[in-house]
Amino acid sequence: MDSDNKSAWTEADIMHIPQSVRKDVSGYRANVEKYVRGETNPVLFRGYRVPMGIYEQRKSGDFMVRIRIGAGVVLSGQLERISELSKKFGDGVLHVTTRQDIQIHEVAIENTPDVLEGLLAAGLTARGGGGNTVRNVTACPRAGVCAEEVFDVLPHSMATAEFLLQDAGSFNLPRKYKIVFSGCSSDCALASVADVGFFAHIRDGRKGFSVYAGGGLGPNATVGVKIEDFIEAGEIFEVAEAVKQLFDKHGDRANRSRARLRYVLGRVGEEEFVKLYRAEREALKASGLTFEVPEIRDGIEASAGDEDQGSLPAPHRNVTADKVDGRFTVRLRLTHGDVSADDLAKIADIARRYGVGAVRTTQKQDLLISDVGGSDVEKVIAELKGLSSDVSGDSLPKIVACTGAATCKLGLCLSRGLSDAISTKLGETEMSPEGIDEIIRISGCPNSCGHHYVATIGFQGRVKRVDGRLMPCYDVFAEARMHEGDSQLAERVGYVPARRIPEMVAEALKTGKTNKEQLRELAAKYGDLSAVEVTEDYYRDYGAKEAFSLAGRGPGECGASVMDVGRVDIDQAADAIKTAKEAAGALRRSEALYSAIIASSRALMIVYGLESKKDREVFAAFSEHLIGPGWVKKSSQDIIDAAVEWRMGDRESIGDMLSQVEELADRVAELFRSLDARLKFRISPIEQVAGADEGDKTHKVDLLGVACPLNFVKAKLALEKVDVGEVLEVLLDDGEPVQNVPDSFAGQGHEVVAIDKVDDHFAVKVRRKQ
């Protein structure tokens, strides 16, 4: 009999979508229609759609929609909506990611507005699902029902996302920003390797967290460093915002491959990193948070029920006891994280009838139905057997694999094909129970979407040239450990051709759990091709009919943003200058220099929200926004005028202006690199505009009566709110305040314009320089 004494979860219990995000979604359709009509630059549109959660897949014309599943909890009704949208607009197969999101694949770009609007109507969004944004805030997959947790972190995870998503700056960071909440030190949520990881603790009866930052997977994988020993639960917003601002100011926007927060940590070192964080947090303490602080909705707990729900009649490998007696969680083992739309709708209905009307997504790409009464567990398992695919996975180790080169533009190898081959081989192999409990993680490239760095057995796709031909291979990783304060990334122990990996894994798991030295020996054994016949199969990836190649691989879109538009123009200008230097004749040199001038002039138009297509419009905007305010030299106008005259036929050549054009392009690139999340320059104008001393826009902050060092903290915060080049007037008391604050500003590279005595206090004018 279905349990009817549990309170079903509603939208009030899960992540709330901020009004600003709703507004962004409502404006998406008009931008898509403009793009479809050919009225929008494709690069500009990519920078817009990717932060909306829309990715182009490897097959041209197909797009993926990545849906944020806050803390990994999704209601039955929402799953049914996702199922409907996938069947109507996608390929009818949903994918659960290693960050608890759900993806709809093979959507035509003109249908993406219908998908986003359909999701929004169900209380879901894809906003921030991609790009240089605050990504899905994840949590322990069994948060709220796990018997080992310190307390339920679901409310904190959801509230943190709600807070950060209000800020437009959260969608234009140097790179992606990932936050994780772990309910205990065991770290099944992988908080140790997040940009910010929160670990639940209770101190003196108060709920709170220790905090780690600067972690991350992918190239240069890093375990985070501790930045807070203990904060109270209500401080999570301030901490997350402080790290975000640190990232915004110090992340490397010019080099996407080194733009993640962990590179800031690596560049400045742990001690300085913590100092930078503390400075940001002190500034926030002084000013208060800019956006509304959401309620942390405690009380989203498992139902205790009004009657005895019964004990589990028989042990099941995929059933775990919840912390409430007589209630259980049933795990659905998904192959590759995939589930058909029809099956997903059935799962949603099962969760509604036997659970609390919600399903959880996991970092292992599985689904969980929690809060099931003991007497209902067998019924749930029986109904799950009616799905079109087997979700029991009783006899094989769990394999986590990214989508790989099948759909991802960054993918080198077909990681799913390898996963299938390993499963087939293990199905033919007699394994010990310990071997079955192992988790294998596969990434098709170094970006670690399959989380191979946190695996006991991990594989990372690579390519090796053998006898002049490309061969798909994998680096082998071993012996990761995840635990608060004692985490260790997996170590690379060798590489093996893709074709030999299933056999290697089978040998490794025959006797039980693996260890690093065992895998090192096996990698050496199976990586040695000298004693085997290298057949044609070695040059074909698993799941491929053709010989291995890198065809279809290209730049990925996970970091796409509006910054890409400017970057394209800056690269184009540099290439044109190089061509001009090598050009033999005056005409070819002039053509190349003109291309460099127009590209440099166009590169920063995105800062001002402009998309000028005609050259004369670009030049006019550049003169108004860059030359006029002094961001570039006034002499740049001579370059623009000469370019127009040459284009109109009124000037024979501009080939003699190479050095001036190169100087202009360098200055534009410098300005571009200085942009922050709000597209403001963090360097000063290169020239003072005539009359600027009298006409400067001056801001004022009254700090009379505020003692050191708080007066400088407040003054520094006020200066950060003005644009570079503008002046802040600070009113300070005589004595220590006027002696210390100006020196502190000068020490940080700002210009102290004046210190004037006014009655019994001082007016200090500071120009922001960076």
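Quick caveat: nothing in here was measured; it's all calculated off a predicted structure. (Residues numbered from 1 in each chain as written. Predicted model: local features only at pLDDT ≥ 70, side-chain atom pairs only at ≥ 80, totals over all residues. Heavy atoms only, no water.)

1. Considerations on the sheet that holds strand S2 (residues 63-67)
Inclusion rule: DSSP calls a pair of strands paired once it identifies at least 2 bridges connecting them. For helices the rule is a DSSP run of H or I covering at least 4 residues; for strands it is a run of E covering at least 2, with both sets numbered from the N terminus onward. Axis definition: a line fit to C-alpha positions, over the contact stretch in the case of helices; interaxial angles, taken between N-to-C directions, run 0 to 180 degrees. Contacts are residue-level and defined by heavy atoms, with any inter-residue pair within 4.5 Å sufficient.
The strand order across the open sheet formed by five strands is S1-S2-S5-S4-S13, and the pairing between neighbours is antiparallel. Taken across any chain shown, the strands that pair with only one partner, and hence form the sheet edges, are strand S1 (54-56) and strand S13 (338-340). For this sheet, the mean inter-axis angle between neighbouring strands, taken without regard to orientation, is 30°. Sheet strands touched by helix H5 (residues 112-121): S1, S2 and strand S5 (102-107). Its angle to S2, the strand with the most contacts, is close to 10°.

2. Describing the state of the cysteines
Counted only if it meets this: Disulfides are defined as pairs of cysteine sulfur atoms found within 2.5 Å of each other.
Using the criterion set out here, one finds zero disulfides in the structure. Its sulfur unpaired, Cys 184 is 6.1 Å from the next cysteine sulfur, which belongs to Cys 140. This cysteine, Cys 449, is not joined by any disulfide, and Cys 402 carries the nearest cysteine sulfur, 5.9 Å off.

3. Observations regarding the sheet that holds strand S17 (residues 439-443)
Ordered in space as S16-S17-S18-S19-S20, the five strands form an open sheet in which the pairing is mixed. Either end of the sheet is taken by a strand with one partner, and the two such strands are strand S16 (398-401) and strand S20 (491-497). Across this sheet, the average inter-strand angle for adjacent strands is 30°, counted without regard to direction. In this sheet, strand S18 (residues 457-466) lies alongside S17 in parallel orientation, the contact comprising four bridges. Within S18, the position partnered with Arg 441 by the bridge is Gly 458. Against the sheet, helix H14 (residues 501-509) contacts S17, S18, strand S19 (469-478) and S20, and its axis sits at roughly 145° relative to S18.

4. Some thoughts on helix H10 (residues 341-354)
It helps to recall that an α-helix has 3.6 residues per turn; residues three or four apart then point in one direction. What counts, and what does not: What a helix should span is 1.5 Å times the count of its residues minus one. Exposure classes here rest on a 1.4 Å probe applied to the protein chains alone. A residue is buried below 20% of its type maximum, exposed above 50%, and partly exposed in between.
An ideal rise of 1.5 Å per residue puts 20 Å on 14 residues; H10 measures up with 20 Å between its terminal C-alpha atoms. Listed in full, the buried residues belonging to H10 are Ala 341, Asp 343, Leu 344, Ile 347, Ala 348, Ile 350, Ala 351 and Tyr 354.

5. Side note on H14
In terms of burial, H14 is a largely internal element, seven of the nine residues being buried. Within H14, burial applies to Ile 501, Pro 502, Met 504, Val 505, Ala 506, Ala 508 and Leu 509.

6. Notes on the packing of H14 against helix H15 (residues 516-527)
As a reminder, the rule being used: Any angle that falls under 35 degrees is termed roughly parallel, while one over 145 is termed roughly antiparallel, one within 65 to 115 roughly perpendicular, and all others oblique. Note on convention: the crossing is left-handed when the near helix lies turned anticlockwise from the far helix by less than a right angle, right-handed when the turn is clockwise. The residue classification treats Ala, Val, Leu, Ile, Met, Phe, Trp, Tyr, Cys and Pro as nonpolar and Asp, Glu, Lys and Arg as charged. All others, Gly included, are polar.
Two elements in contact, H14 and H15, have axes whose closest approach is 10 Å; the angle formed by their N-to-C orientations is 150°. Put simply, H14 runs roughly antiparallel to H15. In this structure, the crossing between H14 and H15 has a hand that is right-handed. Each of Glu 503, Met 504, Glu 507 and Ala 508 in H14 lies in contact with H15, whose residues at this interface are Gln 518, Leu 519, Leu 522, Ala 523, Lys 525 and Tyr 526. A per-class count over the contact of H14 with H15 returns six nonpolar, one polar and three charged.

7. A look at a negative patch on the surface
Here is the rule: Patch criteria: residues need more than 30% relative accessible area and no salt bridge. Like-charged residues are merged within 9 Å; nonpolar side chains of Val, Leu, Ile, Met, Phe, Trp and Tyr are merged within 5 Å. All accessibility values rest on the Shrake-Rupley procedure with a 1.4 Å probe; residue burial counts only the protein chains present in the view. In the sections that follow, a salt bridge refers to a side-chain nitrogen of Lys or Arg positioned within 4 Å of a carboxyl oxygen of Asp or Glu. Charge convention: Lys and Arg are scored as positive, Asp and Glu as negative, and His as well as the terminal groups of each chain are ignored. All charge positions are set by atom: Lys at NZ, Arg at CZ, Asp at CG, Glu at CD.
A cluster of like negative charges, contributed by Asp 638, Asp 641, Glu 645 and Asp 650, occupies part of the molecular surface. In this fold, Asp 638 is placed in helix H19 (residues 636-648). Owing to a relative accessible area of 51%, Asp 638 belongs among the exposed residues under this scheme.

8. Describing the pattern of salt bridges
Overall, the coordinates contain 48 salt bridges when judged by the stated rule. Here Asp 204 and Arg 206 are joined by a salt bridge, their closest N and O atoms 3.9 Å apart. According to the relative accessible area criterion, Asp 204 is exposed, its value standing at 70%. Arg 206 sits in the partly exposed class, given a relative accessible area of 32%. The structure contains a network of salt bridges with shared partners spanning Glu 228, Glu 235, Glu 238, Arg 278, Arg 281 and Lys 285.

9. A look at the packing of aromatic side chains
Put simply, the rule is: Classification of ring pairs uses Phe, Tyr and Trp, with its six-membered ring standing for Trp, and accepts pairs whose centres are within 6.5 Å; under 30 degrees between planes counts as stacked, over 60 as edge-to-face, and the remaining range as tilted.
The tally for this structure, following the rule as stated, stands at 15 aromatic pairs. When the centroid spacing of 5.4 Å and the interplanar angle of 75° are considered together, the rings of Phe 151 and Phe 209 count as edge-to-face. Note that Phe 151 is positioned in the loop between strand S6 (138-139) and helix H6 (154-164) and Phe 209 in strand S9 (residues 206-213), a separation of 58 residues in sequence. Here Phe 151 falls in the buried class, since its relative accessible area comes to 4%. Seen in terms of ring centroids, Phe 459 and Tyr 474 are 6.4 Å apart; in terms of plane orientation they differ by 85°. Their pairing is edge-to-face. Here Tyr 474 lies in strand S19 and Phe 459 lies in strand S18, a separation of 15 residues in the sequence. What makes Phe 459 buried here is its relative accessible area of 0%.

10. Remarks on the packing of helix H17 (residues 586-602) against H19
Two numbers describe how H17 lies on H19: the axes approach to 10 Å, and their chain directions differ by 130°. By the angle class used here, H17 and H19 are oblique. Considering only the axes of H17 and H19, their crossing is left-handed. Residue-level contacts link Leu 587, Ser 590, Glu 591, Tyr 594, Ile 597 and Ser 601 of H17 to Ile 639, Ile 640, Ala 643, Trp 646 and Arg 647 of H19. In terms of residue class, the contact of H17 with H19 is made up of seven nonpolar, two polar and two charged.

11. Section: the nonpolar core
Selection criterion: Residue types Ala, Val, Leu, Ile, Met, Phe, Trp, Tyr and Cys, when buried and joined through side-chain atoms within 4.5 Å, form a set referred to as a nonpolar core.
With 113 residues, the main nonpolar core has Val 65, Ile 82, Tyr 177, Phe 198, Phe 209 and Ile 227 as its most contacted residues. It is helix H7 (residues 236-250) that provides the largest number of residues to this core, a total of eight residues. Once you skip the residues sitting within four places of it in the chain, Ile 82 turns out to touch Ile 67, Leu 94, Ile 102, Ile 104, Leu 119, Leu 124 and Leu 344.

12. Details of the environment of Gly 628
With respect to the secondary-structure elements, Gly 628 resides in the loop between helix H18 (615-627) and H19. The exposure class assigned to Gly 628 is partly exposed, which follows from its relative accessible area of 31%. Separated by 59 residues in the primary sequence, Gly 628 and Glu 687 place their C-alpha atoms 9.8 Å from one another.

13. Details of the pairing of strand S14 (residues 358-361)
Burial of the side chains of S14 extends over both faces: Ala 358 and Arg 360 are buried on one face and Val 359 and Thr 361 on the other. Relative to S14, strand S3 (residues 73-75) runs antiparallel, the two being bridged by three bridges. By the bridge assignment for S14, Val 73 is matched with Arg 360. Alignment of S14 against strand S15 (residues 367-373), held across two bridges, turns out to be antiparallel.

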